[in-house]
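# Descriptive structure summary
The lines below spell out each chain.
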Amino acid sequence: MAGRGRVSMQEHMAIDASPGPIRPIRLISHYFPHFYPTAEPALRPPDPRPPVTPARSAPQPQPDPEPEGDSDDSTALGTLEFTLLFDADNSTLHCTAHCAKGLKPLASGSVDTFVKANLLPGASKASQLRTRTVRGTRGPVWEETLTYHGFTLQDARRKTLRLCVCEDPWLRRRRRAPPLGELRVPLRKLVPNRARSFDVCLERRRLTKRPKSLDTARGMSLYEEVEAEVASEERGCVLLSLCYSSQRGGLLVGVLRCAHLAPMDANGYSDPFVRLFLHPNGGKKSKYKTSVRKKTLNPEFNEEFFYAGPREELAQKTLLVSVWDYDLGTADDFIGGVQLSSRAGGERQQHWRECLGRSDRRLEHWHPLDGAPLQLSE
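Residues numbered from 1 in each chain as written. Predicted model: local features only at pLDDT ≥ 70, side-chain atom pairs only at ≥ 80, totals over all residues. Heavy atoms only, no water.

### As for the overall build of the chain
- Along the chain, the regular secondary structure elements total seven helices and 18 strands.
- Counting over 378 residues, the chain shows a buried share of 42%.
- When contacts within the chain are restricted to residue pairs at least 6 apart in sequence, long-range pairs at least 24 apart make up 65% of them.
- Surface summary for the chain: the accessible area is close to 21500 Å², and the carbon and sulfur share equals 53%. (Helix = DSSP H or I, 4+ residues; strand = E, 2+ residues; numbered from the N terminus. Buried < 20%, exposed > 50% of the residue type's maximum accessible area, 1.4 Å probe, protein only. Contact = heavy atoms within 4.5 Å. Areas by Shrake-Rupley, 256 points an atom, 1.4 Å probe, with all protein chains shown as cover.)

Following this line, the structure appears as structure tokens:
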């Protein structure tokens, strides 16, 4: 100690007041530059390296993408980024699931996830769509678009889209796992033909037991958990095209597709087909039937049928369109129907009259199905 020389009072006070290297004092001046307006130039020359402080302070305002702590706040479940587009011209709703951030896996520790979408109110399986599964990450990126056909302006005014982030089902074959989180978007807020992006926190699920009035599918469990907003009167809709052909001298009726049909089989699906009947009209030429589509609630037919006759005569007739569930060996189950004529109301009458009022122009329109059997008026 004696060979090191004497220590001045100023050096002794500096060591007591600020032990350790002197270089950290430069960092403090960056936090409070307004206190030392003339000191910063004097502190730069001793250290040729660039300042270190901005690199340390930059991460502070950034949120943690994967919060670890348990919390009752909905942000603990993570967030979902998606985009909605209501294409009014084609009667479709497009939901693009982009990605999720900060997902909190269940006790199983699974990070294999997909997005499931449902339209409410409506039949659960008929309106259920899902993305592919992305495995091994709490920040999955799907970039996948789910499309609902037959989505009209009336649907946008009264329906809600429910999105769930779920575990891959193969991990829990015996018991259906609850979703990691869900959210709901009232679709009345959408502007037609304008995309809207969302980045929303996931919430905990809200499920109720199946109402007895909804037990329309034979053999389905009364204890199946479904949404409380499901409406028993909804049977689905059908897309029809009408065209009066001046060259052939008759009416062309196209059965294009159906959407969101009510399930009629024990497996939660139906085997749908469509029947056409022009009334009053005798003979087999007044009745047609499409092919059967197996195990689906959103069948695509793209079949066309022809009814001969002048337009004045056809204007006095009624076209009955009914959707059925095919059953082998037993009577087919009625799913729903629609009646088009000049005496029908609303869009059904408008579609019929507009078709017969013009020649060689194909008019397509979605029509909701009635659950009650069609009544013919003589």
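### Thoughts on the sheet that holds strand β1 (residues 79–87)
- Here we have four strands laid out as an open sheet, ordered β5-β2-β1-β8, and antiparallel in their pairing. For this open sheet the edge positions go to β5 (141–149) and β8 (196–201), each flanked by a neighbour on one side alone. Geometrically, the sheet is characterised by an average inter-axis angle of 20° between neighbouring strands, direction not taken into account.
- Where β1 meets β8, six bridges bridge the pair, whose relative direction is antiparallel. Counterpart to T83 in the pairing with β8 is S197. (Pairing = 2+ DSSP bridges. Axes fitted to C-alpha atoms, helices over the stretch in contact; angles between N-to-C directions.)

### A short note on helix α7 (residues 346–356)
- Buried residues of α7: R348, H351, W352, C355 and L356, and no others. Considered in projection along α7, the buried side chains sweep an arc of 115° and stay on one side of the axis. (Arc of directions from axis to C-beta.)

### Some words on the nonpolar core
- Counting residues in hydrophobic clusters, the biggest one holds 30 residues, and the most contacted among them are L251, V274, L276, L319 and W352.
- Contributions of two or more residues to this core are made by β11 (237–245), β12 (250–259), β13 (272–279), β15 (300–308), β16 (318–325), β17 (333–340) and α7.
- Contact partners of W352, with chain neighbours within four places excluded, come to L242, L251, L278, L314, A315, K317, L319, L340, S341 and S342.
- Listed in part, the 29 residues of the second largest apolar core include F86, A97, W142 and A156. (Core = buried A, V, L, I, M, F, W, Y, C linked by side-chain atoms within 4.5 Å.)

### Section: the packing of aromatic side chains
- By the definition in use, this model includes five aromatic pairs.
- Members of the aromatic cluster, joined through ring pairs, are Y288, F305 and Y307.
- The ring of F273 has K289 sitting right over it, with the charged end atom 5.6 Å from the ring centre. (Phe/Tyr/Trp six-rings, centres within 6.5 Å; stacked < 30°, edge-to-face > 60°. Lys NZ or Arg CZ within 6 Å of the ring centre and 35° of its normal.)

### With respect to unusual backbone geometry
- The omega angle of the peptide bond from L120 to P121 is -5°, so this bond is cis rather than trans.
- In this structure, P121 sits in the loop between β3 (113–120) and β4 (129–130).
- Residue H279 is joined to P280 through a cis peptide bond whose omega torsion reads -10°.
- Structurally, P280 is set in the loop between β13 and β14 (287–289).
- Of note in this structure, D360 is not a glycine but carries a positive phi near 55°.
- With respect to the helices and strands, the residue D360 is situated in the loop between α7 and β18 (363–368).
- Relative accessible area serves as the criterion here: at 48%, D360 is assigned to the partly exposed category.

### Comments concerning the environment of V274
- Positionally, V274 belongs in strand β13.
- Classification of V274 as buried rests on a relative accessible area of 0%.
- Counting along the chain gives 36 residues from V274 to V238, while the straight-line C-alpha distance between them is 9.4 Å.
- Here V274 is in contact with V255, C258, Y288, K289, T290, F301, V321, S322 and V323, once residues within four sequence places are set aside.

### Side note on the environment of R184
- Tracing the backbone shows R184 in strand β7 (residues 181–186).
- In the structure, R184 is positioned 64 residues away from L120 in sequence and 9.4 Å away in space, judged by C-alpha atoms.
- A polar contact is formed between the side chain of R184 and the side chain of E182, at a distance of 3.3 Å. (Polar contact = N/O pair within 3.5 Å; in protein donor to acceptor, adjacent residues only side chain to side chain.)

### Focus on the pattern of salt bridges
- Tallied over the entire structure, the rule returns 15 salt bridges.
- For E303, the salt bridge identified is with R293, shortest N-O distance 3.9 Å. Placement of the pair is E303 in strand β15 and R293 in the loop between β14 and β15, with a sequence separation of ten residues.
- Members of the salt-bridge network, linked through shared partners, are D155, R158, K159 and E234. (Salt bridge = Lys/Arg side-chain N within 4 Å of Asp/Glu carboxyl O.)

### As for the side chain of R348
- Relative to the assigned elements, R348 resides in helix α7.
- For R348, a relative accessible area of 17% puts it in the buried group.
- Excluding residues that lie within four positions of it along the chain, R348 makes contacts with V338, Q339, L340, S341, H367, P368 and D370.

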